Every structure is written in structure tokens, then in C-alpha cells.
Amino acid sequence: MSVAPPRWTWVDLRLAPATAAVWGGTLLAPLLPVPVLAVAVPLALAAAVWVSRRGRSAVAVVLLGVLAAVAVTAATAAVRAVARESSPLAEVAQEGRTVLLELRLAGDPTAVRGVGPQRVVAEATVTGLEHGETRTRLDDAVVLFAPAEHWLELLPGQVVRVRAAVSPAEVDEGLVARVSVRGPPELLGDPPWVQRATGGLRDGLRDAAVRVLGPQAGGLLPGLVVGDTRAMDPVLVEDFRRAGLAHLTAVSGANVAIVLAGVLAPLRRRAVDRRVQALVALVALAAFVVLARPSASVVRAAAMGAVTLLALATGRSRAALPALGGAVVVLLLLDPALARDAGFALSVAATAAIVLLAPGWSRRLRERGWPLPLADAVAVAAAAGLATAPLVAGLSGLVSPVSFPANLLAAPAVAPATVLGLLAAISAAVVPPLGDALVWLAGWPVRWLVVVAQRAAALPDGATGWPAGTRGAVLLTVLLLVAGWLLWRFPRARPLALAALVGVVVLGWPLRQVTRGWPPERAVIVACDVGQGDALVLPVGGDAGVLVDAGPDVGAVDACLNRLGINELPLVLLSHLDADHVGGLAGALAGRAVGTIATGTLSPADHRTTDLERVVHRAAAEHRVLAPGDELTVGGVDVEVLAPRPERATASAEPNDLSLVARVTVREVRVLLTGDLGAEAEARLVRDGTDLRADVLKVPHHGSGDFDEGFLTATGARVALVSVGADNTYGHPAPNLVAALHRAGMRVHRTDREGDLAVVGEKGAWGVAGSAP
């Protein structure tokens, strides 16, 4: 049954600005000096008292709430800031010392993806500090970095003793320090029994899902049900993000609503007393929060659900907006770090939009003859999508036009997948065959979600670039508000707007695909715009290509290969194993036929080779080690290996200086591939008399200032390609390098300004084209 449009009260009007004030104060207070806060707090309190004495008008009440919220937020932030700064751990962090710590994990360790020794990150609380003969009891929040081995399977609540390097945290992180560990932990007892029980349920669901459904759907099911994305395919993660469906794997209000509906429905059918209903639902809610882990979105949704259950128990009508506002205020005061949590902001924005906008929109659609379920689904998806679009654009630098239809198609599958998954998690621990059967049933709606995400993400222009950060979020907000106001103020413009939208979708979008001119024909090499990293493609005909490095993340390189129509990789060249060159390898290999994955000679001390061998095995590929003098031919691409010499690959060798250096030739156009060579290795190649001549130079190390000018001159190249991320913090490309490239007679092309870069043509008639407009 559809929810009737709410009737807002003065309580709602008071609470909304107060909530915004608490949020804003929480964001700003940590950035202000304590003396400023010391003056602001009494001034805000005095103003609040003055307003209250001016009468109880609506404006006075609203201002009183806002000023009181600012005062409380500022005072709370000041107390927390003083506590952090006075902590002995903060002093240790400023000195960068290594000490013995006793800490308690506050969340599950999360793996950081990439080729190389796997690391994990986790929130933790330092409870003890030992330095020399001194032992201090603490209660300081930190972020922990540790090797995955021995750490990945630890549960929240586990207390450990470790020797760790301590470094300062940023002011706006709300943490006392960052803690980095290299060795295994010394376990001090067991985690709480509740965490052991729920950890067993989560592990049982994950194992059963992967075993019954396979890696893609099996990795997604635990993410949908309890937010456990550890087994989720990284390429599928990126597909969900591009399709605007990433919120489905972050447990939030929708999951809580499904759980409460499932618990309350049978009780209501039997006319059980509403206080008993509220009590049973509260127990189920608490159990679900522990099972899903109390992340920001889960806590927010649980807090709002608890307020709703209180209204049910007392017999008062539900007021969703005050429940949301009250939950946000309380949570921000208890944990100011939530003010900077992107998931928390998205969850609150989506819930507020559903409460404020969806009922009215649904009613208007029903008045025009829409069926109730369809009207509600469209209204909820549209409200949540519009409210969160500016935040998503600011956070990711993407606007996803396919998000609304994708969410509409996904909506019917979420509830059955969640309910069946929860039942499977419980059953798998008691009756494993029953758990497997429920997982099999849940697999059908889960597979539908996989199909929707993959098809939506694969659409050309399904996710388009947008200015990231505050500027992009504000710009999209203004555009949406102006468009909404115009359509509300001028009803006669609505048919015209609808016709324009249909025209763009039916005519403009197909025309853009035909006339965009990308990928260009007869491309020699394409430098993909993958941010601060390298990924280059040499098409060899049909849907095949040679890939050189894979960039820092799975999504960017996969999208570039899709744009180029590459479905087969007969050869993958990896210059070295740094994350900005191989972090996206899983995205490049997934769903594509792979032949050989080749590297130069790697250092015997480089433990990342073990992880590389696992990747090669999963791709059913062959690993080949190349040396100077080796030559390969794939289609019309000739590869000549120039460096490194095997004897250079010692345990003490710098990984960047062991980068694979090769010259590739396509239609007699020569391209020199250089990985991340530094000045010393470049000068060595020149001294050794290595033939470095080429027409195009892939500039080493994204344009680092560590270069040898004699090396640049020795290439004789006419064009330099710089694969570099926009607004990177390294200052790449370095101005002195750019000047040296110009002195060597090269035209410089950069992916951060021109997008994908393609060298097109053949000897005597070639040039460079960029994909950016």
C-alpha cells in the first residue's frame, strides 16, 4: 500500500535547519583553532538565549534550534580536538616513532586491491602504548595498515599487540594517528562471542554463495545482504559504480526496511500488540546491525528504524523526516567523523528525498492512471537518483544518465535477494544443504542485478565525465534546481522538455556514436587516459590488441579497451609491478582471451611476482620473461626488447630502473616504451650505446623531474606522450621536463588535457589525435 504524503509540522521545520547546522558545524569545527571556537561557543549560546526571549514565533524557534546546534557541535568538536592533541600517541606520531601498541579492531580489515603484497586497512582503537618502561592506557581512534596475511580474517573487537610505525593523521580525518604494521599480530584473547557468531554467519554465506553461484553472482550476494564485498569481482564493482547501482552493496535504509517488514508482517497478520511488535523488531534490528557491521550507513538506517519503532510502540503516527533529522543529529554528535563519510551523506540525501518528494510524485502518477507499484517504484528511484546525483558527481567526477533506468530495473530484485540471502546465512550455519538451496534461489534475482549492471555500464556515454569536487556538485545542484523550477513554474514547457529528452535519446545519442570519430582508424598506439598511471594499447586487427601496462584501477583500463573494441589480448607487456601500472590488470583481463603476459627480469626481492603468477594462472595465460635482444611479432606489431639486462635485477635494484624498455613498430612508425625509468637508468642506456631511436616517446614515469636530457635527445622522437593524472599531487609533468622535451624538438601531448591519445597513420603520414573535445 502506498504511503500517503506526510503533513509537515513546525517540528520538521525546526529540525531540518538544526540538522544542517550540526552537519556544517561538524565539518568546519575541526578546521578552526580552539581560541576561535572558545569565542564562537559562548556567542552562539548568548544569541540563542536572546532569540528565545524575543518570543516563540516560528522564526525564533528555528533560529534557536540552529544556534543551539552550532554551539553544541562546536563545543563537542573543541573537546575532541583538545583530547586528540593532548594524547601521548599524537606526540609519538609527530616524531614518527615505532612503538609497541595494544589496539582493538573497530571494523573488518579490508583488502587493498592490486598486484603485489596484499595489504589491508582497518579502523581501530589504540588502548595501550608501551615505550621503554612506560605503559599508558589510551582510547584513541586510528586507521591501521597491515599485511593481509594473518590480518585479513581478524574480527571486529579482537584485541592485539603489535609493533607499529606511527605517523600523524590529517586534521580533517578526526583520528589521532595512522598506524602501519609489517608483521603478524599477537592476539590477546578472543573477539566478543557476538562477533564470532556473526563472523561465522558472514563467512558461511560468502563461502556458500561463491560455491553455488560462482565468482560473480556469488561475490555479489553477501554484498547485497550484509555489505560483505570481500569476494566481489573488482570489475563488477566498477560496473555497479558506472551504472549508478553501487549503493546496493552498501547496507542502508533499504535493507533495514526489508528486515523490519519481514519481521513485522507476520506479527501484524496475527494482530499482536504493537509494543510486542516493536520489541521483536528492535531485537531483529540489533541483530542485523551486528551482522552487517555498524558502518555509517547501517548505523544511520538503524537509528531511523529505532525512532520509527518507538513511534510504533507509543502509538503515535510516524513522522519520517523528524526521525531522519533526529537520527542524523544524534549520530553526528556521537561520531563527528560521519560528517565526512560519503556513504553517510548519500544515504541521508536519498532517504530525505524519498520522504519529501516520492509520496507526492507517486500520487500524481497514480492520478494519471499509473499502477500503484509502478508509480511508487518510479517515484522512489527518481527522487533518490536526483537527490544523490550532485553528491555522486562531486565524489566520482561522473554523471550516469543510465542510473535511473538501471535502478528501476534493479528494484524488483533487491528485496527477494536480501530476504533469501539472510535466510541462507542463518540456515547455512545449522542445515548447510538448506542454506545452499536458499542461495540457489537467491541466485536468480542476483544474476538479474549482474546483467543490469553490466549492460548499463557497457552503454556508450552511460557514464560521462563531470567536474569532480565541490565545484562539480554545486554546478549540478544549480542545474537541477533551475530545471526543476522552470518545469514547475511553466507547466506548458513540460511537453517540450519531454520531447527534447526523447529527441536526445532517440536521435542525438545514436548520432553521437556515429560521428564522435573514436576510436580512430589505423591507430598505431593509444595511450589510455587512466589517471595517474600507464595503459597503452596497440590494435593488431579485428578485436585484438597488445596491452602495455594496465593503469591504477580496473575500471579505467576496462573502459578504454571497450572503447577500442578490444576483446582479445594475445600479448600483455608489464613494464614493472607498481600499482599505477598493474592495479587495473584484473579489469583488463576479465572477460577477454589472454595469450602471453610478459615482463622484464624482476628483482629476486620483489615479492609481488607471486601475486602476478596467480593473476596469470587465473587468466589461463603464459608468463614470459623478456631480455634485451628478444623480438616478438603479434599481427602487424613488432616488439624489440632493449632493457633491462638480467644481471641488473639484483635484490637492491630500484624497481623503476628495472622497467621493461621496448621499441614497438607498426607500419614503420616506431614507439619507445619506457615504463618508469629514472635519470640514472636512462643515462646508463645512453652510455651502453643502446639504440633508442624512435618517432614517438612514451615519456618515462608520467613526466617526473628525475630525467636525463641526453636520453631524451638520443631518442630523436618528434612526439612525446605523457600519461598523467589531472591535478596529481606529484607535480607531473615537471616543468623542467616539458622544457627539455621541447628543446629536443618534440611536441608534447598529455592524457590529463586531451583524454585518450592515439598515434594514427603510417610512416611519412602520421599524427596524434585526442579523444577529449
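Because the structure is a prediction, the values reported are computed rather than measured.

## A word on the overall build of the chain
Thought 1: Per the secondary structure count, the chain includes 26 helices and 24 strands.
Thought 2: A burial count over the chain gives 47% of its 773 residues as buried.
Thought 3: In the chain, 69% of the contacts between residues at least 6 apart in sequence involve partners at least 24 apart.
Thought 4: Summed over all atoms, the accessible surface of the chain reaches about 36,300 Å², with 62% contributed by carbon and sulfur.

## Section: the sheet that holds strand β20 (residues 696-698)
What links the strands of a sheet is backbone hydrogen bonding, and the strands pair in either a parallel or an antiparallel sense.
Thought 1: The sheet built from 7 strands is open, its strands ordered β16-β17-β18-β19-β20-β21-β22 with mixed pairing. Unpaired on one side and paired on the other, β16 (631-634) and β22 (747-750) mark the two borders of the sheet. Going across the sheet, the axis of each strand differs from the next one's by a mean of 20°, ignoring polarity.
Thought 2: The pairing of β20 with strand β21 (residues 719-722) spans 3 bridges and is classified as parallel. Of the residues in β21, the one forming a bridge with Val 696 is Val 719.

## Re the state of the cysteines
Thought 1: All chains considered together, the criterion is met by 1 disulfide.
Thought 2: Sulfur-sulfur distance for the disulfide between Cys 528 and Cys 560 comes to 2.0 Å. Disulfide Cys 528-Cys 560: the torsion about the S-S bond is -70°, which places it as left-handed. Placement of the pair is Cys 528 in the loop between β10 (523-527) and β11 (536-541) and Cys 560 in helix α19 (residues 554-563), with a sequence separation of 32 residues. Summarising the burial analysis for this pair, Cys 528 and Cys 560 share the class buried.

## As for the packing of helix α6 (residues 215-226) against helix α15 (residues 403-430)
Thought 1: Across the interface, α6 lies against α15 with an axial gap of 9 Å and an inter-helix angle of 95°. Taken together, the axis directions place α6 and α15 in an arrangement best described as roughly perpendicular. Taking contact as the criterion, the partners of Leu 221, Leu 224 and Val 225 in α6 are, on α15, Ala 417, Thr 418, Gly 421 and Leu 422.
Thought 2: Class assignment of the residues belonging to the contact of α6 with α15 gives a composition of 5 nonpolar, 2 polar and no charged.

## Structural notes on the side chain of Asp 657
Thought 1: Here Asp 657 is to be found in the loop between β17 (637-643) and β18 (661-666).
Thought 2: No salt bridge is formed by the buried Asp 657; the nearest opposite charge belongs to Arg 684, separated by 5.2 Å.
Thought 3: Within polar-contact distance, the side chain of Asp 657 engages the backbone nitrogen of Gly 678 at 3.2 Å.
Thought 4: Ignoring anything within four residues of it in the chain, the contact list for Asp 657 reads Leu 677, Gly 678 and Ala 681.

## Regarding the packing of aromatic side chains
Thought 1: Here the structure, examined in full by the defined rule, presents 1 aromatic pair.
Thought 2: On the basis of an interplanar angle of 90° and a centroid distance of 5.8 Å, the ring pair of Trp 440 and Trp 444 is categorised as edge-to-face. In this pair, Trp 440 and Trp 444 are both assigned in helix α16 (residues 432-458), 4 residues apart and thus about one turn of the helix distant.

## Examining the sheet that holds strand β13 (residues 568-574)
Thought 1: Read across the open sheet, the 8 strands follow the order β15-β14-β13-β12-β11-β10-β23-β24; overall the sheet is mixed. Each having just a single partner strand, β15 (622-625) and β24 (765-770) make up the two edges of the open sheet. Within the sheet, the average angular offset between the axes of one strand and its neighbour, ignoring direction, is 20°.
Thought 2: Here β11 pairs with strand β12 (residues 544-548) via 5 bridges, running antiparallel. When the bridges of β12 are listed, Pro 539 appears paired with Gly 545.

## Some points on the environment of Phe 240
Thought 1: Here Phe 240 is to be found in helix α7 (residues 234-242).
Thought 2: We classify Phe 240 as buried; its relative accessible area is 1%.
Thought 3: Once the C-alpha coordinates of Phe 240 and Ala 456 are considered, the two residues, 216 residues apart in sequence, prove to be 8.7 Å apart.
Thought 4: Aside from chain neighbours lying at most four places away, what touches Phe 240 is Leu 220, Met 232, Leu 245, Ala 246, Leu 248, Leu 449 and Ala 453.

## Here's the deal with the side chain of Thr 125
Thought 1: Residue position: Thr 125 is located in strand β3 (residues 119-131).
Thought 2: According to the relative accessible area criterion, Thr 125 is buried, its value standing at 15%.
Thought 3: With residues near it in sequence (within four places) discarded, Thr 125 still touches Glu 102, Leu 103, Arg 104, Asp 139 and Asp 140.

Quick notes on the rules
Residues numbered from 1 in each chain as written. Predicted model: local features only at pLDDT ≥ 70, side-chain atom pairs only at ≥ 80, totals over all residues. Heavy atoms only, no water. Helix = DSSP H or I, 4+ residues; strand = E, 2+ residues; numbered from the N terminus. Buried < 20%, exposed > 50% of the residue type's maximum accessible area, 1.4 Å probe, protein only. Contact = heavy atoms within 4.5 Å. Areas by Shrake-Rupley, 256 points an atom, 1.4 Å probe, with all protein chains shown as cover. Pairing = 2+ DSSP bridges. Axes fitted to C-alpha atoms, helices over the stretch in contact; angles between N-to-C directions. Disulfide = S-S within 2.5 Å. Parallel < 35°, antiparallel > 145°, perpendicular 65-115°, else oblique. Nonpolar A, V, L, I, M, F, W, Y, C, P; charged D, E, K, R; others polar. Lys, Arg positive; Asp, Glu negative; His and termini not counted. Salt bridge = Lys/Arg side-chain N within 4 Å of Asp/Glu carboxyl O. Polar contact = N/O pair within 3.5 Å; in protein donor to acceptor, adjacent residues only side chain to side chain. Phe/Tyr/Trp six-rings, centres within 6.5 Å; stacked < 30°, edge-to-face > 60°.

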